[in-house]
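Structural overview
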Amino acid sequence: MAPNNDLQILSLIRSPDTRDRGFRMLMEQYQERVYGAIRKMVIIHEDADDVLQNTFVKAFKHIHKFNQQSALFTWLYRIAVNESLNFLEKKKKRFFLPLEDHQQVMAQYLDTSPWIDGDVIQRRLQKAILKLPEKQRLIFNMRYFEDLPYEQISEITETSVGALKASYHHAVKKIEEDLKLE
Amino acid sequence: MNQSQKHNIFKVPEGYFDELPTKVLKKRKNKTRQVWLARVAAAAVLIIGLTFFVGDFGGQSPDYYGQIEEDMELWISAGYWNEEEMLLLADYPNEILDFIIYEAWAYDEWGDDEMMFDAEIW
């Protein structure tokens, strides 16, 4: 069910006179959380900015299809997840030289960008997460960093809770092994 | 893994989130405008084509009117005339505009032709 705040946002969006106010309220309410999820997937701020803007433009376009069976955040998160994964797929196809793949670009960004402020251990964790397959990385981020319950992750990814638990467990093992090696 | 590793290491430029809603709303309006202009062009081509058909050139063959429509589309795509100029050639430009604005501001602003997800991954 949609929370009360979502209902207020949706009611503003429904009326042409208050639509822009509704969209603005929707963004103010969720932009930081959605950005956080996207940024953890694409790592680079400029890429996260592009994906986030596309996520909201798509959400505005399709808001009339939102059926209120879930929270607006879950729905937005689902769009953000698909946008992020599609973005990474496109990036992969653009790199032809194996030495310069996008994963390396992201790992390098973690060490050199002024928009990263973690210590050595935190950056090492991020690099270990980067080595996971994308969908596993996504599930790990949702569970570990954002503390989302498995039921909500299941709604977003349309994957069974059992499969999510197994995927998270494998991800943790792989990350721990990777950290031990370094 | 411990709790300190959960700290968010990803920073954003100062004021980024303050400016973002305005930027996205502008982007959305630009997209709406692009579609709006495409609809103006389509409507103008249709109306002018009909005007030629029932107007002064009533005696000409259907091929002739088809050719006129094609020519008008070419003029627009070549940038020789723009959509607004074509609209001004129509007999009832205000009615066409009213109709287009009504359509453009309806809920389904950009039509359903574009998929919500480029490729549904999950």
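Heads up: these notes are all about the structure in this document. (Residues numbered from 1 in each chain as written. Chains lettered and ligands numbered in written order. Predicted model: local features only at pLDDT ≥ 70, side-chain atom pairs only at ≥ 80, totals over all residues. Heavy atoms only, no water.)

1. Quick word on the overall build of chain B
- From N to C terminus, chain B includes four helices and zero strands.
- The helix and strand sequence of chain B, counted from the amino end, reads α-α-α-α.
- Looking at chain B as a whole, 30% of its 122 residues are labelled buried.
- Within chain B, counting contacts between residues at least 6 apart in sequence, those at least 24 apart form 69% of the total.
- Summed over its atoms, the accessible surface of chain B is roughly 8000 Å², and 56% of this surface lies on carbon and sulfur atoms. (Helix = DSSP H or I, 4+ residues; strand = E, 2+ residues; numbered from the N terminus. Buried < 20%, exposed > 50% of the residue type's maximum accessible area, 1.4 Å probe, protein only. Contact = heavy atoms within 4.5 Å. Areas by Shrake-Rupley, 256 points an atom, 1.4 Å probe, with all protein chains shown as cover.)

2. Some points on the environment of Gln103(A)
All names here are of chain A.
- Note that glutamine 103 resides in helix 5 (residues 102–112).
- Given the relative accessible area of 35%, glutamine 103 is considered partly exposed.
- Separated by 27 residues in sequence, glutamine 103 and leucine 130 place their C-alpha atoms 7.1 Å apart.
- Residue contacts for glutamine 103: discarding those within four places in its chain leaves Leu130 and Lys131.

3. Considerations on the packing of helix 6 (residues 120–130) of chain A against helix 7 (residues 134–145) of chain A
All names here are of chain A.
- Packing of helix 6 against helix 7 brings their axes to within 10 Å, and their N-to-C directions diverge by 145 degrees. Contacts from Leu125, Gln126, Ile129 and Leu130 in helix 6 reach Arg137, Phe140, Asn141, Tyr144 and Phe145 in helix 7.
- Classifying every residue of the contact of helix 6 with helix 7 by side-chain character gives six nonpolar, two polar and one charged. (Axes fitted to C-alpha atoms, helices over the stretch in contact; angles between N-to-C directions. Nonpolar A, V, L, I, M, F, W, Y, C, P; charged D, E, K, R; others polar.)

4. Some thoughts on the interface of chain B and chain A
- Across the boundary between the two partners, chain B contributes 41 residues, which contact 62 residues of chain A.
- In total, chain B and chain A occlude about 5000 Å² of area from one another, counting both sides; carbon and sulfur atoms represent 62% of this.
- Counting across the chain B and chain A interface gives three salt bridges.
- A salt bridge links Lys6(B) to Asp147(A), with the nearest nitrogen and oxygen atoms 3.3 Å apart.
- The class makeup of the residues in the side of chain B that touches chain A is 21 nonpolar, seven polar and 13 charged. (Buried area = accessible area lost by both parts, 1.4 Å probe. Salt bridge = Lys/Arg side-chain N within 4 Å of Asp/Glu carboxyl O.)

5. As for the pattern of salt bridges
Residue and element names in this part refer to chain A.
- On inspection of all chains with the given rule, the structure shows eleven salt bridges over all chains.
- Between glutamate 83 and lysine 58 there is a salt bridge, with its nearest N and O atoms 3.0 Å apart. Here lysine 58 lies in helix 3 (residues 45–62) and glutamate 83 lies in helix 4 (residues 72–94), a separation of 25 residues in the sequence.
- Note on glutamate 83: relative accessible area 8%, which makes it buried.
- Here lysine 58 falls in the buried class, since its relative accessible area comes to 8%.

6. Points about the packing of aromatic side chains
- The full count for this structure, using the stated rule, is 13 aromatic pairs over all chains.
- Residues Tyr144(A) and Phe145(A) carry aromatic rings whose centres are separated by 4.9 Å and whose planes lie at 80 degrees to one another, so their mutual orientation is edge-to-face. There is no split in this pair, since Tyr144(A) and Phe145(A) are both buried.
- Cluster of aromatic residues (ring-pair linked, three or more members): Phe140(A), Tyr144(A), Phe145(A), Tyr150(A) and Tyr168(A).
- Above the plane of the ring of Tyr144(A) lies Lys6(B), whose end atom (NZ or CZ) is 5.0 Å from the centre. (Phe/Tyr/Trp six-rings, centres within 6.5 Å; stacked < 30°, edge-to-face > 60°. Lys NZ or Arg CZ within 6 Å of the ring centre and 35° of its normal.)

7. With respect to the nonpolar core
- Leu72(A) and Phe140(A) are the most contacted members of the largest nonpolar core, which has 67 residues in total.
- Considering each element in turn, this core owes the most residues, eleven residues, to helix 4 of chain A.
- Not counting residues up to four positions away in its chain, the partners in contact with Phe140(A) are Ile129(A), Leu132(A), Phe145(A), Tyr168(A), Ala171(A), Val172(A), Ile175(A) and Met1(B). (Core = buried A, V, L, I, M, F, W, Y, C linked by side-chain atoms within 4.5 Å.)

8. Examining the packing of helix 5 of chain A against helix 6 of chain A
Residue and element names in this part refer to chain A.
- Running from N to C, helix 5 and helix 6 point in directions that differ by 175 degrees, and their axes come no closer than 10 Å. Judged by the angle between their axes, helix 5 and helix 6 are roughly antiparallel. Seen from helix 5, the contacting residues are Gln103, Met106, Ala107, Leu110 and Asp111; seen from helix 6, they are Arg123, Gln126, Lys127 and Leu130.
- Looking at the contact of helix 5 with helix 6 residue by residue, the class counts come to four nonpolar, two polar and three charged. (Parallel < 35°, antiparallel > 145°, perpendicular 65-115°, else oblique.)

9. With respect to a negative patch on the surface
- On the surface, Glu28(A), Glu32(A), Asp18(B) and Glu19(B) cluster together to form a negatively charged patch.
- Mapped onto the negative patch, the elements with two or more residues apiece are helix 2 (19–42) of chain A together with helix 1 (16–54) of chain B. (Patch = residues over 30% accessible without salt bridge, like charges linked within 9 Å, V, L, I, M, F, W, Y side chains within 5 Å. Lys, Arg positive; Asp, Glu negative; His and termini not counted. Charge placed at Lys NZ, Arg CZ, Asp CG, Glu CD.)

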